[in-house]
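# Examining the three-dimensional arrangement
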Amino acid sequence: MREPICHKRNFHFTITCMALLLLLALVGCGNKNTQKDGSLQGNNTTQNQETQGEAGQDAQGTGNQDSQGGAGQDTQGTGNLDSQSTAGQDTQGSGNPGSQGTSSQDGQNTANQDGQNIANQGGQPGLANQPKIALEEAQEAALKHAGLPREEVTFIRGELDYEDGKAEYDIEFVTAATKYEYEISAEDGAVLSTSQEPVEQLSGNTQVQGAISAEEAKEAVLNHAGFTADQVNFTKVELELDDGVAEYEIEFYADGKEYSSKVNASTGAILEYEID
């Protein structure tokens, strides 16, 4: 009876040991799986952090570059096309195509308006400042104000100019004895300013003994220029003292050009001669 009992005890002991070994094996596998899962989660977390860090750096760097580029272009005021392209690309990248068109249109409209305002402020002709009367009408307004017929005068200047953004004509003409200067509004022909002075200004205080006459001085200048008296219109004949030397300052108009000269009042020599 004892032998069967011993065999039974040995059998139960063997079963118990095998159960313990199996349990230990299962526990070991669970620990390994847990460690693997933990390692995978740790790796994923690290990769996510690195990805987020790189994305943040890239986004920050791109943002800084775009901001710096945009600021530089706005400050210079010459990068309108680059600013429009940058605005369009950034907006499109954020998934809003409609903003790209709005930014470009707003930039172009602003640039056009600024350009027009600057042009008008700088005195350049705008659509609202174009002359409404012709040069001939402005000349007639000046002649009417001076009380002279066209046949008695010679126009030596007539050009369109802009003063504070308003169109006006600068007109000059001479008679045998007087030079006239006028500013006429190109909008309605109104006289804005006028002045006149005698062609010959010969003061008795500058007369010197043995000096040539004004007619002789004019003849000397005409001979030098190669004109006759009926081909020119004198605009200035003035006797003056320059460093104690008496000289005639003579200006005349011929063939659409203005001539100026200085003549020694004692010898009749040509001291200066210019053509404008």
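Before reading on, note that the structure itself is shown above.
Residues numbered from 1 in each chain as written. Predicted model: local features only at pLDDT ≥ 70, side-chain atom pairs only at ≥ 80, totals over all residues. Heavy atoms only, no water.

Scanning the model with the defined rule gives 11 salt bridges in all. For the salt bridge of Glu-140 with Arg-150, the shortest nitrogen-to-oxygen distance reads 2.9 Å. With Glu-140 in helix H4 (residues 135-146) and Arg-150 in the loop between H4 and strand S1 (154-163), this pair connects stretches of sequence that are 10 residues apart. Given the relative accessible area of 33%, Arg-150 is considered partly exposed. Between Glu-247 and Lys-262 there is a salt bridge, and its shortest N-O distance comes to 3.8 Å. (Salt bridge = Lys/Arg side-chain N within 4 Å of Asp/Glu carboxyl O. Helix = DSSP H or I, 4+ residues; strand = E, 2+ residues; numbered from the N terminus. Buried < 20%, exposed > 50% of the residue type's maximum accessible area, 1.4 Å probe, protein only.)

Another point: H4. The first and last C-alpha atoms of H4 sit 17 Å apart over 12 residues, in line with the 16 Å expected at 1.5 Å per residue. Within H4, the full set of buried residues consists of Ala-138, Gln-139, Ala-142 and Leu-143. Taken end-on, H4 shows its buried residues confined to a sector of 140°, consistent with a single buried face. Gly-147 sits one or two positions beyond H4 and adopts a positive phi of about 75°. (Expected span 1.5 Å × (residues − 1). Arc of directions from axis to C-beta.)

Across the eight residues that make up strand S8 (residues 257-264), a large majority, six, are buried. Bridge analysis of strand S7 (residues 245-254) against S8 gives eight bridges, and the strand direction is antiparallel. In the sheet register, Glu-251 faces S8, and the bridge partner there is Ser-260. The hairpin turn running from S7 into S8, its antiparallel successor, is two residues long, and Asp-255 in that turn takes a positive phi close to 55°. Across five bridges, the pairing between S8 and strand S9 (residues 270-275) is antiparallel. Bridge assignment links Tyr-259 to a residue of S9, and that residue is Ile-275. (Pairing = 2+ DSSP bridges.)

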